[in-house]
Amino acid sequence: MINKTVEPSNKLSFEEFRNEVIEDYKIAVLSRECSLLGRREVLTGKAKFGIFGGGKEVPQLAMAKAFKKGDWRSGYYRDQTFMMAIGEYPPKHFFASLYAHADIKADSFSAGRQMNGHFSTQFINEDGSWKNLKEQYNVSADISPTSGQMPRLLGLAEASKKFRNIPDLDQEGILSSNGNEVAWGTIGNASTSEGPFFETINAAGVLKVPMVISIWDDEYGISVHSKYQTTKESISEVLKGFQREGKGSGYEIFVVNGWNYTQLVDTYNKASAIAREEHVPVIIHVKELTQPQGHSTSGSHERYKDKDRLAWEKEHDCNAKMREWILNFELEDQDGQILKFVENEDVLKQLEKEAKVIVREAKKESWDEYLKPMLQERKELLDLLEKTARKSENEIFLDKLKRELASIEEPIRKNILTIGRRSLIYLRDEEFKEKELLQNWLKDYHALQQPKYSSHLHSELDNRATNIKEIEAEYDEEAEDVDARVIIRNNFDAILGKNNKVLIFGEDSGKIGDVNQGLEGLQEKYGEERVYDTGIREVTIIGQGLGMAMRGLRPIAEIQYLDYIFYATQVLTDDLATLRYRTFGKQVAPLIIRTRGHRLEGIWHSGSQMGSLINLFRGIYVLVPRNMTKAAGFYNTLLKSDEPAIVIENLNGYRLKEMIPTNLGEFTTPIGVVETVKEGNDITLVSYGSTLKLVEEASRDLSQVGIDAEIIDVQSLLPFDLEHDVLLSVRKTNRLVIIDEDVPGGASAYLLDEIINKQGAYKYLDSSPTTITAKPHRPAYGTDGDYFSKPSINDIFEGVYKIMHESDPIKFKSLFS
Ligand SMILES: Cc1ncc(C[n+]2csc(CCOP(=O)(O)OP(=O)(O)O)c2C)c(N)n1
Ligand SMILES: [Mg+2]
């Protein structure tokens, strides 16, 4: 059979072309072998869960060929073969991540923190500086929620546009080659049902960014068929309206079968050129893929596929099809000679046999490396237990524990610590040297192991945000009182002027300079690439920021009002908040989110839901400045560091008067530091944001009746009061009230726990610590709605007075009754 569709690249000889095809096939086979053996490792109990790339190998070979150094990927768990083809995922690593080997040298993706199939490459050096991203393959770290990779993909692609259009943006010469980088996305067919997918598709079409999305279509999402997932059962049909006409705006859309190697290679090359050169987004719908082992190790696909489908999958398995094509391939050269890839099937059989051996050996090596340190650690503990047991009155029980530990064939750290810590229960009444050695070993061991699972939630580098020292705002003698929004605006002006990597965008942020004019005139001054409007799409606004921050830019993404951040909560909590943690500090996204809220009125306009944010956003700093000077200072602090944060400005503060500082763009508000705004001796009142003003007013009334309150502004909810200044105050006043406009049990409960338990203030209290909060329902609209929903000055006064009344009923007579 003469295969006319194959056109070996004119740069390659037939020999070279053949070698490339065979090498590709080898990777496909190797990857499949990993999937097969990986599944076995899970089923025999060596690994907990496995999700593999079987049935999607061949299109990923094609994608890998088009993927150039400097390019970016944001994809999902099926991309095993792609990772192998770009050389970032050798079989040994495959097994290390399956075993959750908690060593970054064994699992460079996440040091065992992520499930297998969650890929990444490293972007930053030990000292926090960027690696040369132009010269490496850049794989942004995967997350599990289906389609969660899409918002970030948009930002990764948008960064190329910025690097192309903003002069001198990459002064270090390591971030971009004139914006020639393509951001490659991958997603499963079923996951295209998710909102973030559609939002990203629309936004990328509007932004005209170099993004290529591959949809790996195996007709299923776990057990659920396309007919329940996608209109017309075809995502490329649905998306047809996005197809560009000629050179008009929109997408280029390709549809290709996932087993057709040559067509795939051709398609990916075309897609790459279109995206790279024209900055036009591309969709590649890769159909007719299979799941040869079902979705994951949790089930088998025989449960939901009928016989015909199973037979069809066998026949259309992309590796089998590629094999068949290699075997049958013949090409007539100019001299009439028939050229073939292989003489006969034995060549392929040999190659397949070798792949099995390679994978088996990699598995063994990886397992041995995983287990070795733990065997040694167990030995150390067994020795100590032995010595301790001989001296102990509870020898029998300790020997039993020892035997239990020794009998575990493949001990993990949980086994070692569980038994070690239990041994101390038997030893509690005894004192001797060996026991002390055992105690110390256990303490040191625990301290050594814990960071493997808990480090890098935040930066641990010198420039971490909590290390940035305060620089006070300075004022001229004749400093004017101005509308506070002018301070924010002029401070952004200073920031934009000195750092061209700073970009500010969001709904209404560009042309009108945000709804409160905190960016007034700045688009005109710095251009549309740096200060700009976006569509109404909170999820992908955050995605834009996240992706661009990963590429070394300093985006400030605006969420117009705090209440609308909940659309973007998924990307914030699952992606941004976990990024540093899930990559063991190897990827960062120093995204600043600017929003406004606090003390507003209405069910969807209250801006008070801090409790939900601080719980979901661990990994992102949550800052609640009481005025615009403090807010501006937070932006200045954050830009000196590389950590993500959300700054919640007070919406009712823009028109209030503040004195304008002279050192705009320079002064900083420290993070994790509270401020005492009024000193007092009788009771400590802790609050933040707009509510603070009410507390100040209430305290004036309180002083009229002889109650001298100390008022502390939290400023920074996450992290909270690193220096434990609130404790000092409670030691003085012995009374504590937390005032918060969030619901009961929201941020106030968090603050109470921090102060009472973590700081240990319970020891110094003479009265029960109290919270004064909003009602549990959403705040009703209007002035009365606010009065009856959120803590009022009356509520604060009475709440504080009640405590004083309880402590001295004679002096502070009851107000009611
Ligand atoms: C938001 C979310 N919902 C549900 C899941 C559970 N889940 C994991 S994979 C998957 C199916 C995905 O199917 P598809 O996108 O077609 O990818 P495939 O596995 O078929 O390659 C589901 C429902 C999840 N990870 N995230
Ligand atoms: Mg699928």
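Procedures and definitions
- Residues numbered from 1 in each chain as written.
- Chains lettered and ligands numbered in written order.
- Predicted model: local features only at pLDDT ≥ 70, side-chain atom pairs only at ≥ 80, totals over all residues.
- Heavy atoms only, no water.
- Helix = DSSP H or I, 4+ residues; strand = E, 2+ residues; numbered from the N terminus.
- Rg over C-alpha atoms; globule rule 2.2 N^0.38 Å.
- Buried < 20%, exposed > 50% of the residue type's maximum accessible area, 1.4 Å probe, protein only.
- Contact = heavy atoms within 4.5 Å.
- Areas by Shrake-Rupley, 256 points an atom, 1.4 Å probe, with all protein chains shown as cover.
- Pairing = 2+ DSSP bridges.
- Donors = N, O, S within 2.8 Å, 3.2 Å for Na, K, Ca; no water.
- Right-handed = clockwise from strand over helix to strand, strands pointing away.
- Axes fitted to C-alpha atoms, helices over the stretch in contact; angles between N-to-C directions.
- Left-handed = near helix turned anticlockwise from the far one by under 90°.
- Nonpolar A, V, L, I, M, F, W, Y, C, P; charged D, E, K, R; others polar.
- Near = heavy atom within 4 Å.
- Polar contact = N/O pair within 3.5 Å; in protein donor to acceptor, adjacent residues only side chain to side chain.
- Salt bridge = Lys/Arg side-chain N within 4 Å of Asp/Glu carboxyl O.
- Expected span 1.5 Å × (residues − 1).
- Phe/Tyr/Trp six-rings, centres within 6.5 Å; stacked < 30°, edge-to-face > 60°.
- Lys NZ or Arg CZ within 6 Å of the ring centre and 35° of its normal.

Moving on, we get to the overall build of the chain. Per the secondary structure count, the chain includes 26 helices and 24 strands. For the chain, whose C-alpha radius of gyration is 31 Å, the value lies close to the compact-globule estimate of 28 Å for 817 residues. Seen through its C-alpha atoms, the chain measures out along the principal axes to roughly 110 × 80 × 50 Å. In the chain, which comprises 817 residues, the proportion classed as buried is 59%. The long-range share in the chain, meaning contacts at least 24 apart out of those at least 6 apart in sequence, stands at 79%. For the chain, the exposed area adds up to about 34100 Å²; of that, 49% sits on carbon and sulfur atoms.

Glancing now at the sheet that holds strand 1 (residues 72-74). Reading across from one edge, 2-1-3-4-8-7 is the order of the six strands in this open sheet, with parallel pairing throughout. Each edge of the open sheet carries a strand with a single partner, namely strand 2 (138-139) and strand 7 (252-257). In the sheet, strand 7 pairs with strand 8 (residues 282-287) via six bridges, with the strands oriented parallel. Across the sheet, Val256 pairs through a bridge with Val286, a residue of strand 8.

The coordination sphere of the magnesium ion (ligand 2) contains the protein donors Asn189 (OD1), Asp218 (OD) and Tyr220 (O), at a distance range of 2.0 to 2.1 Å. Binding-site remark: the magnesium ion (ligand 2) is held by donors from one chain whose sequence spacing is N-x28-D-x1-Y. Placement of the pair is Asn189 in the loop between strand 3 (183-188) and helix 6 (195-207) and Asp218 in the loop between strand 4 (211-216) and strand 5 (220-221), with a sequence separation of 29 residues. Relative accessible area serves as the criterion here: at 5%, Asn189 is assigned to the buried category.

With burial as the criterion, each face of strand 23 (residues 736-739) is covered, one bearing Leu736 and Ile738 and the other bearing Val737 and Ile739. Both strand 20 (residues 683-687) and strand 23 contribute to a ladder of three bridges, which runs parallel. Across the sheet, residue Leu685 finds its bridge partner in strand 23, namely Val737. When strand 23 meets strand 24 (residues 770-772), the two strands line up parallel, connected through three bridges. When the sheet's bridge partners are listed, Val737 is paired in strand 24 with Thr770. Running through helix 24 (residues 747-758), the crossover from strand 23 to the neighbouring parallel element strand 24 is right-handed.

Attention now moves to the packing of helix 6 against helix 17 (residues 538-550). Running from N to C, helix 6 and helix 17 cross one another at 65 degrees; their axes reach a closest spacing of 9 Å. As helix 6 runs across helix 17, the sense of the crossing is right-handed. On the side of helix 6, the interface is formed by Pro196, Glu199, Thr200, Ala203 and Leu207, while helix 17 contributes Glu538, Val539, Thr540 and Gln544. Of the residues belonging to the contact of helix 6 with helix 17, the class tally is four nonpolar, three polar and two charged.

Let us look at the site of ligand 1. Close to ligand 1 lie 17 residues; Tyr76, Tyr77, Asn189, Ser191 and Tyr220 are nearest. At 2.7 Å from an oxygen atom of ligand 1 is found a side-chain nitrogen or oxygen belonging to Tyr76. Measuring from an oxygen atom of ligand 1, one finds a side-chain N or O atom of His295 at 3.4 Å. Considered on its own, ligand 1 offers 580 Å² of accessible surface; in the complex 72% of this is hidden by protein. Its residues assigned to classes, the shell around ligand 1 shows six nonpolar, seven polar and four charged.

For the peptide bond that leads from Leu718 to Pro719, omega is 0 degrees, which places it in the cis range. With respect to the element layout, Pro719 can be found in the loop between strand 22 (716-718) and helix 23 (725-733). The backbone of Asp508 sits at a positive phi, close to 65 degrees, despite the residue not being glycine.

This brings us to the pairing of strand 20. Of all five residues in strand 20, five are buried, a share of seventy percent or more. In strand 20, alternate side chains face the same way, and those of Ile683, Leu685 and Ser687 on one face and Thr684 and Val686 on the other are all buried. Bridge count between strand 20 and strand 21 (residues 709-713): five bridges; the pairing is parallel. Note that in strand 21 the partner of Ile683 across the bridge is Ala709. Viewed along the sheet, the connection from strand 20 through helix 22 (residues 691-704) into strand 21 turns out right-handed.

Turning our eyes to something else, we now look at the pattern of salt bridges. Oppositely charged side chains are able to pair whenever their charged atoms sit close together. Within this structure, the stated rule accounts for 62 salt bridges. The partner of Glu181 in a salt bridge is Arg551, and the shortest N-O contact between them spans 2.8 Å. You can see Glu181 sitting in the loop between helix 5 (149-165) and strand 3 and its partner Arg551 sitting in the loop between helix 17 and strand 14 (554-559), a full 370 residues away along the chain. The pair Glu181 / Arg551 is uniform in exposure class, with both members buried. In this structure, Arg594 engages Glu649 in a salt bridge whose closest nitrogen and oxygen atoms are separated by 2.7 Å. With Arg594 in strand 15 (residues 592-597) and Glu649 in strand 17 (residues 645-650), this pair connects stretches of sequence that are 55 residues apart.

Before going further, it helps to examine helix 13 (residues 413-426). The terminal C-alpha atoms of helix 13 lie 21 Å apart, and with 14 residues this matches the ideal 20 Å at 1.5 Å per residue to within 8%. Every buried residue belonging to helix 13 is among Arg413, Ile416, Leu417, Ile419, Gly420 and Ser423, and all of these are buried. Contacts made by the buried residues of helix 13 are with helix 11 (345-391), helix 12 (395-406) and helix 14 (433-454).

Within a beta sheet, neighbouring strands are joined by backbone hydrogen bonds and run either parallel or antiparallel to one another. Ordered by their spatial adjacency, seven strands build an open sheet running 13-12-14-15-17-16-22, and the pairing between neighbours is mixed. Edge positions in the sheet fall to strand 13 (531-533) and strand 22, since each has one partner strand and no second. The average angle at which neighbouring strand axes cross in this sheet is 20 degrees, direction not considered. This element, helix 17, spans strand 12 (502-506), strand 13, strand 14 and strand 15 of the sheet and lies at about 170 degrees to strand 14.

In this fold, Arg113 is placed in the loop between helix 4 (91-98) and strand 2. Counting along the chain gives 470 residues from Arg113 to Thr583, while the straight-line C-alpha distance between them is 7.9 Å. Here Lys452 takes part through its backbone oxygen, which lies 3.1 Å from a polar atom of the side chain of Arg113. Only 2.9 Å separates the side chain of Arg113 from the backbone oxygen of Tyr581, close enough to count as a polar contact.

What follows is about the packing of aromatic side chains. Following the criterion strictly, the structure yields 34 aromatic pairs and no others. Between Phe14 and Phe341, the aromatic rings sit 5.9 Å apart at their centres with planes inclined by 5 degrees, giving stacked as the arrangement. Taken as a pair, Phe14 in helix 1 (residues 14-43) and Phe341 in the loop between strand 10 (338-340) and helix 11 lie far apart in primary sequence, 327 residues in all. On the basis of relative accessible area, Phe14 is assigned to the buried category, the value being 17%. Relative to Phe119, the ring of Tyr89 lies with its centre 5.2 Å away and its plane at 70 degrees, an arrangement referred to as edge-to-face. Taken together, the residues Tyr89 in the loop between helix 3 (80-85) and helix 4 and Phe119 in the loop between helix 4 and strand 2 connect sequence positions 30 residues apart. Of note, Lys321 hangs over the ring of Trp259, and the distance from its end group to the ring centre comes to 4.5 Å.

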